[in-house]
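The lines below spell out each chain.
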Amino acid sequence: MAIVLGPNRYGKAETRLVRVHRDGDTHGLVDFTVSVALSGDLAATHLTGDNAGVLPTDTMKNTVYAFAKKHGTGEPEEFALLLARHFVASQPQVHGAKVSVEAIGWERLGPHSFRRRGDHTRTAVVTVTGDGEQVVSGVTGLVLLNTTDSEFHGFVRDEYTTLPEATDRILATAVDARWRHSGVDVAWGESFDASLAAMTGAFVGTYSYSLQQTLYAMGRRVLQERPEVAEVRLALPNKHHYLVDLAPFGLVNEGEVFIAGDRPYGLIEGSVVRDDAVAAVAEWWL
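In this report, we go over the structure that sits alongside the text. Just so it is clear, the model here is predicted, and its values are computed rather than measured.

What follows deals with the overall build of the protein. For the protein, the count of helices and strands is five helices and twelve strands. Going through the 286 residues of the protein one by one, you find that 41% of them count as buried. Taking contacts inside the protein between residues at least 6 apart in sequence as the whole, the part at least 24 apart equals 65%. A total of about 15,900 Å² of accessible surface is found on the protein, and carbon and sulfur atoms cover 52% of it.

As structure tokens, then:
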């Protein structure tokens, strides 16, 4: 039996970057968390401890900060592409670079005053290899809720099933979505805003008989409206709301008072893809 080294990578995770763009009296603010992972001809450091081909992870961190100064930051996809291309081009032993960015939004209150947005986090994951470049945009922590226009019935029952059928329920979720682009010539900010609007619009406008149905509607809407997107993947936790029994107090609860459940929760995951989509360059979430 032979023992061999399998796939591997290394890098610097979660470099915190805040970049202030000072354009006269009006400032811009960018808040990124950047992670870098490199792969390639790196067997020696694993097998013998020879670090001749190892770019220090501290250097990766420094590169993030230096590039933010030299090139600015712009959109997260743009900044991640810049970094990933640099590591592959400048390090001959590196054959692939994956750069992930989480972008925190700040709402402008004045020329140099901001309030942090907490309704969602924008994400971008860029992979650059000898086979090509891949950009996956995304959003996490986007909480959506419909107070009606949701049902759930006709499901399988067995000896352990106690769930009652629902013909009018609250439907709530915290969207974790990623969408893969067909190429890299994209207006990233416009594409992100429009994709997010398409998903939320589908959630609002779909009369739902299951969260699975809503997931498909959200992914389909993005592909219908955004030709640059090849595939959408979503994870939707079902944030359950339970009707409170107020009968012991002589009160009738007609869909007005609920307990917001924490856990356990249903988790619906799926992808919606064009049948002619270009193949992915690298594995990606989900």
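The subject of this paragraph is the packing of helix H4 (residues 188–205) against helix H5 (residues 211–225). At a minimum axis distance of 8 Å, the contact between H4 and H5 shows a crossing angle of 140°. The pairing of H4 with H5 is recorded here as oblique in orientation. Note on packing geometry: the crossing formed by H4 with H5 is right-handed. Residues Ser195, Ala198, Met199, Gly201, Ala202 and Phe203 of H4 form the contact with H5, whose participating residues are Thr214, Ala217, Met218, Arg221, Val222 and Glu225. Among the residues forming the contact of H4 with H5, the class breakdown is seven nonpolar, three polar and two charged.

Any two side chains of opposite charge can pair, so long as their charged atoms come close to each other. Under the definition given, this model contains 13 salt bridges. Among the salt bridges present, the one from Glu190 reaches Arg226, with a minimum N-O distance of 3.8 Å. Highlighted residues: Glu190 in helix H4 and Arg226 in the loop between H5 and strand S9 (229–238), separated in sequence by 36 residues. The residue Arg226 makes a salt bridge to Glu228 at a minimum N-O spacing of 2.9 Å. A residue is classified by how much of its surface remains accessible, and Arg226, at 15% relative accessible area, is buried. Connected through shared salt-bridge partners, Glu75, Glu77 and Arg122 make up one network.

With the rule as written, the count across this model stands at four aromatic pairs. Relative to Phe79, the ring of Phe32 has its centre 6.0 Å away and its plane inclined at 40°; by these criteria the two rings are tilted. Taken together, the positions of Phe32 in strand S2 (residues 26–40) and Phe79 in helix H3 (residues 76–90) put the pair 47 residues apart, joining distant regions of the chain. For the pair Phe32 and Phe79, a shared accessibility class is recorded, and that class is buried. When the ring of Trp179 is compared with that of Phe192, the centres are 5.9 Å apart and the planes differ by 25°; the resulting orientation is stacked. Within this pair, whereas Trp179 is found in strand S8 (residues 171–181), its partner Phe192 is found in helix H4, the two being separated by 13 residues in sequence. Accessibility assignment for this pair places Trp179 and Phe192 in one class, buried. Between Arg122 and the ring centre of Phe192, over which it is positioned, the NZ or CZ distance is 4.5 Å.

Counting residues in hydrophobic clusters, the biggest one holds 29 residues, and the most contacted among them are Phe32, Val34, Leu38, Phe79, Leu83, Phe87 and Val99. The element best represented in this core is H3, accounting for six residues. With residues up to four places along the chain from it excluded, the contact list for Phe32 reads Thr15, Arg16, Leu17, Thr73, Gly74, Glu75, Pro76, Phe79, Val101, Glu102 and Ala103. The next biggest cluster of nonpolar side chains, apart from the first, holds 24 residues, and it includes Leu142, Leu171, Phe203 and Met218.

Time to look at the environment of Gly189. Looking at the secondary structure, you find Gly189 in helix H4. The sequence separation of Gly189 and Glu77 amounts to 112 residues, and the corresponding C-alpha distance is 8.9 Å. Other than its neighbours up to four places away in sequence, Gly189 contacts Glu75 and Arg122.

Conventions and cut-offs
- Each chain carries its own residue numbering, running from 1 in the written order of its sequence.
- It should be noted that, the model being predicted, local features are given only for residues of pLDDT at least 70 and side-chain atom pairs only at 80 or more, the latter also being counted only at that level, while totals for whole chains, interfaces and linings use all residues.
- With hydrogens and water excluded, all non-hydrogen atoms of the structure serve as input to the side-chain values.
- Starting at the N terminus, helices and strands are each numbered in turn, a helix being any DSSP run of H or I of at least four residues and a strand any DSSP run of E of at least two.
- Under the scheme applied here, a residue whose accessible area is under 20% of the maximum for its type counts as buried, over 50% as exposed, and between as partly exposed, the area being computed with a 1.4 Å probe on protein chains only.
- Throughout, a contact is declared for two residues whenever any of their heavy atoms are within 4.5 Å.
- Residue burial considers only the protein chains on display, and all accessible areas are found by Shrake-Rupley using a 1.4 Å probe.
- Geometry is summarised by axes, namely lines fitted to C-alpha atoms with helices restricted to the contacting stretch, and by angles between N-to-C directions that run from 0 to 180 degrees.
- Any angle that falls under 35 degrees is termed roughly parallel, while one over 145 is termed roughly antiparallel, one within 65 to 115 roughly perpendicular, and all others oblique.
- Helix crossings fall into two classes, left-handed where the near helix is turned counterclockwise from the far one by less than a right angle and right-handed where it is turned clockwise.
- Charged means Asp, Glu, Lys or Arg here, nonpolar means Ala, Val, Leu, Ile, Met, Phe, Trp, Tyr, Cys or Pro, and polar covers whatever is left, Gly included.
- For this analysis, a salt bridge means a side-chain nitrogen from Lys or Arg found within 4 Å of a carboxyl oxygen belonging to Asp or Glu.
- Here the aromatic set is Phe, Tyr and Trp, taking the six-membered ring for Trp, and pairing holds for ring centres within 6.5 Å; pairs whose planes are under 30 degrees apart are stacked, those over 60 apart are edge-to-face, and all others are tilted.
- Whether a charge sits over a ring comes down to the Lys NZ or Arg CZ being within 6 Å of the ring centre and within 35 degrees of the ring normal.
- For the purposes of this section, nonpolar cores are sets of buried Ala, Val, Leu, Ile, Met, Phe, Trp, Tyr and Cys residues that join through side-chain atoms within 4.5 Å.

Structural measurements only, silent on function.
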